[in-house]
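Reading the structure
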Amino acid sequence: MDRSRSWDETEESWHSPRPTASHPVTPDPAPEPIQRKLPRIPSNSRKTPGGAGQEWEETPRAAAGASGSRDSRSSRDLSGAAPPRGVQALVLRPEGREGGDWEGGRSHFGLPYGSLRGRVVSTAQFRVPMPSASASRKSQEKPREIMDAAEDYAKERYGISSMIQSQEKPDRVLVRVRDLTIQKADEVVWVRARVHTSRAKGKQCFLVLRQQQFNVQALVAVGDHASKQMVKFAANINKESIVDVEGVVRKVNQKIGSCTQQDVELHVQKIYVISLAEPRLPLQLDDAVRPEAEGEEEGRATVNQDTRLDNRVIDLRTSTSQAVFRLQSGICHLFRETLINKGFVEIQTPKIISAASEGGANVFTVSYFKNNAYLAQSPQLYKQMCICADFEKVFCIGPVFRAEDSNTHRHLTEFVGLDIEMAFNYHYHEVMEEIADTMVQIFKGLQERFQTEIQTVNKQFPCEPFKFLEPTLRLEYCEALAMLREAGVEMGDEDDLSTPNEKLLGHLVKEKYDTDFYILDKYPLAVRPFYTMPDPRNPKQSNSYDMFMRGEEILSGAQRIHDPQLLTERALHHGIDLEKIKAYIDSFRFGAPPHAGGGIGLERVTMLFLGLHNVRQTSMFPRDPKRLTP
């Protein structure tokens, strides 16, 4: 046994005594040849995992004391794990030390560096067992992870952002997706959008970033600004998550047909998740915007109406829904804009009332302290009271409630009413024509200002453009009956139009007059509310009218009775308790101008203008006899 070396039990390692004059340290003899053949690693092989100054190197067999021998150290840590298979001798070299002569530290085998003094230690000399296959794999996996972490030079350019709690006000300007055009080519911009889709391909990832009904393709590719880890992070962001992206707007040679921004794409330099969506969505947005015909032909998934309404928040994110309700907002805006320009005043009326507005039984009763009250079926009575108060021209936009157990494609128990009331000089047609012109101005405005939304909806629900005439076509009820009877429909003179007959009449009018919008005047008095003025020439008719779009009613209007005595008679005829409408009748006792008006259903106008098939598609959160949520 070599007495010049001893085992240190406290450090569990061999060490050499310090040289003295009486006991000089002599070099160890050359190591015994290794008995088993080990695979060799090329002398120039090296892995740099990224720890400070750490690297694997091959140490070739050499005689003891060869000061020029190469050394290496473990890429794992200082825990003393076994070296990789095939490395015959390992020495951990501190960072910045280039040679084999140093002091302090420990070798991979637990030896103090001071005892090695640059000598090569063979595996045979210390009889270190070779690691098992699994241990070898593990020993190689961890250095690879460390290596990957070290190579992530972009780690500050991506990640999940802390929750925005208004803790700061950065100067960052966010650009709208719809504004990403060729004019912004080569500009660096920040965009906040949802991740619509992601697709990883090699060292790059393609994202589609969506903002409302607009979307743009984004590219994350390994390069100066993005590492492999950043690409992987981007590819794994859950759909519908909200992200902030910094990127360069690049012009593309070939149009990107799947995006609204077809001429550019965004080359991502930074990406941060602002709000992470759950990985499992209740419905896929691509399925929700797929045309039904395409789904049936190709066997691809579509989303049914109940699933849409049950998950309305997700469904409203689709490009089609975004377009529908932006156009609907445009209808309200154009309605208000047109009437204000015509001298109308906007009013707000109560929705909790003491008696049924329309005199019927289809009202919702609510508990009002110790009494019962009703949800307004119409703002009708209050519009008229405002006319008696000399406002002359008024309109309002608000909810209307109808307790009708109708489960049709066009009925709701709550909808938005666009109501008009106006005093006239001599004939109610003055009002009727004013309302018709208002509708025409709305149609024109929609076609001029909302072409993008119209085209977006038409992609999923193809439809012919809406047609109308100026001035608007007006037919009397008796003329409509004649057209229907000629088409084989049997109807009495005082019968109301059924839904099928309305649609048939719409087809007949379109064929004959080439218009989707028309007025039907002089309805039978028997089918109108108690406050409708009778026709002085024909007591069976009334001074009332309906307006139609694509063969479906969207407005009901009439001249109102402004004489309190006649109004009382008509109320009694309809069986209405006079005490409950006393305030309404009394408002006409102090002088009331002749007046007329009408009420329009916002959801129906939206549905029919776009050629949709169900009013629930145009009601943001629809209410019908079977749906009270969400």
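No experiment lies behind these values; they were computed from the predicted model shown.

Procedures and definitions
- Residues numbered from 1 in each chain as written.
- Predicted model: local features only at pLDDT ≥ 70, side-chain atom pairs only at ≥ 80, totals over all residues.
- Heavy atoms only, no water.
- Core = buried A, V, L, I, M, F, W, Y, C linked by side-chain atoms within 4.5 Å.
- Buried < 20%, exposed > 50% of the residue type's maximum accessible area, 1.4 Å probe, protein only.
- Contact = heavy atoms within 4.5 Å.
- pLDDT = per-residue confidence, 0-100.
- Helix = DSSP H or I, 4+ residues; strand = E, 2+ residues; numbered from the N terminus.
- Polar contact = N/O pair within 3.5 Å; in protein donor to acceptor, adjacent residues only side chain to side chain.
- Phe/Tyr/Trp six-rings, centres within 6.5 Å; stacked < 30°, edge-to-face > 60°.
- Lys NZ or Arg CZ within 6 Å of the ring centre and 35° of its normal.
- Salt bridge = Lys/Arg side-chain N within 4 Å of Asp/Glu carboxyl O.
- Pairing = 2+ DSSP bridges.
- Arc of directions from axis to C-beta.
- Lys, Arg positive; Asp, Glu negative; His and termini not counted.

**Comments concerning the nonpolar core**
In terms of nonpolar packing, the biggest core is built from 53 residues, with Met547 and Ile554 touching the most fellow members. Once residues within four sequence positions are removed from consideration, Ile554 is found in contact with Met439, Phe517, Met547, Phe548, Met549, Gly599, Ile600, Gly601, Arg604, Val605 and Leu608.

**Describing the confidence of the model for the protein**
This prediction gives the protein a mean pLDDT of 83; 75% of its residues lie at or above 70. Every residue in residues 1-14 scores below 50 in pLDDT, and together they form 29 contacts with partners more than four places removed in sequence or on other chains. Scored below 50 in pLDDT, residues 41-81 shows 106 contacts in the model against residues more than four places distant or in partner chains.

**A word on the side chain of Arg616**
Assignment of secondary structure puts Arg616 in the segment after helix H17 (602-610). The buried category is assigned to Arg616, whose relative accessible area is 7%. Here Asp624 takes part through its side chain, which lies 2.8 Å from a polar atom of the side chain of Arg616.

**Details of the environment of Thr618**
By secondary structure assignment, the location of Thr618 is in the segment after H17. Along the sequence, Thr618 and Arg604 sit 14 residues apart, while their C-alpha atoms lie 7.7 Å from each other.

**What to know about the packing of aromatic side chains**
Counted by the stated rule, this structure contains 16 aromatic pairs. Ring pairing ties together the aromatic residues Phe443, Phe466, Phe468, Phe517 and Phe609, which thus form one cluster. Positioned over the ring face of Trp190 is Arg172, at 3.7 Å from the centre of the ring. Positioned above the aromatic ring of Tyr523 is the side chain of Arg528, whose terminal nitrogen or guanidinium carbon lies 4.5 Å from the ring centre.

**A few points about the pattern of salt bridges**
Considering all chains together, one arrives at 34 salt bridges under this definition. Glu240 is the salt-bridge partner of Arg317, the closest N and O atoms lying 3.0 Å from each other. With Arg317 in the loop between helix H8 (312-315) and helix H9 (319-341) and Glu240 in the loop between helix H4 (228-235) and strand S9 (242-251), this residue pair connects regions lying 77 residues apart in the sequence. Salt-bridge contacts for Asp586 lead to Lys582; the nearest nitrogen and oxygen are separated by 2.8 Å. With Asp586 and Lys582 both in helix H16 (residues 582-586) and 4 residues apart, this pair spans about one turn of that helix. Judged by its relative accessible area of 43%, Lys582 falls in the partly exposed class. Sharing partners across several salt bridges, the network here consists of Lys383, Asp419, Glu421 and Arg560.

**Focus on the pairing of strand S16 (residues 414-423)**
The element S16 is largely enclosed, with a buried count of 8 among its 10 residues. Of the strand pairs in this sheet, strand S15 (residues 393-401) and S16 are connected by 9 bridges, and their pairing is antiparallel. The residue bridging Lys393 from the neighbouring strand is Met422, located in S16. Of the strand pairs in this sheet, S16 and strand S21 (residues 595-601) are connected by 7 bridges, and their pairing is antiparallel. Among the inter-strand pairings, Ala423 is bridged to a residue of S21, identified as His595.

**Focus on the sheet that holds strand S12 (residues 352-353)**
Ordered in space as S12-S14-S13, the 3 strands form an open sheet in which the pairing is antiparallel. The open sheet has two edge strands, S12 and strand S13 (365-368), and neither has a second partner.

**Overview of helix H13 (residues 477-486)**
Along H13, the positions that sit buried rather than exposed are Tyr477, Ala480, Leu481, Met483 and Leu484. Buried residues in H13, looked at end-on, bunch into an arc of 160°, giving them a common side. Elements that come into contact with the buried residues of H13 comprise strand S17 (473-476), helix H14 (499-513) and strand S18 (517-521). In the stretch just after H13, Gly488 is the one whose phi turns positive, near 100°.

**A few points about the environment of Met385**
Within the secondary structure layout, Met385 lies in helix H10 (residues 380-388). Overall, the relative accessible area of 29% leaves Met385 in the partly exposed class. Through-space distance from the C-alpha of Met385 to that of Ser587 is 6.2 Å; in sequence the pair is 202 residues apart. The residues touching Met385, leaving out its near neighbours within four places in the chain, are Ala583, Tyr584 and Ser587.

**Observations concerning the side chain of Glu453**
Turning to its location among the elements, Glu453 is positioned in helix H12 (residues 451-460). No salt bridge is formed by the buried Glu453. Its closest oppositely charged neighbour is Arg326, at 5.7 Å.

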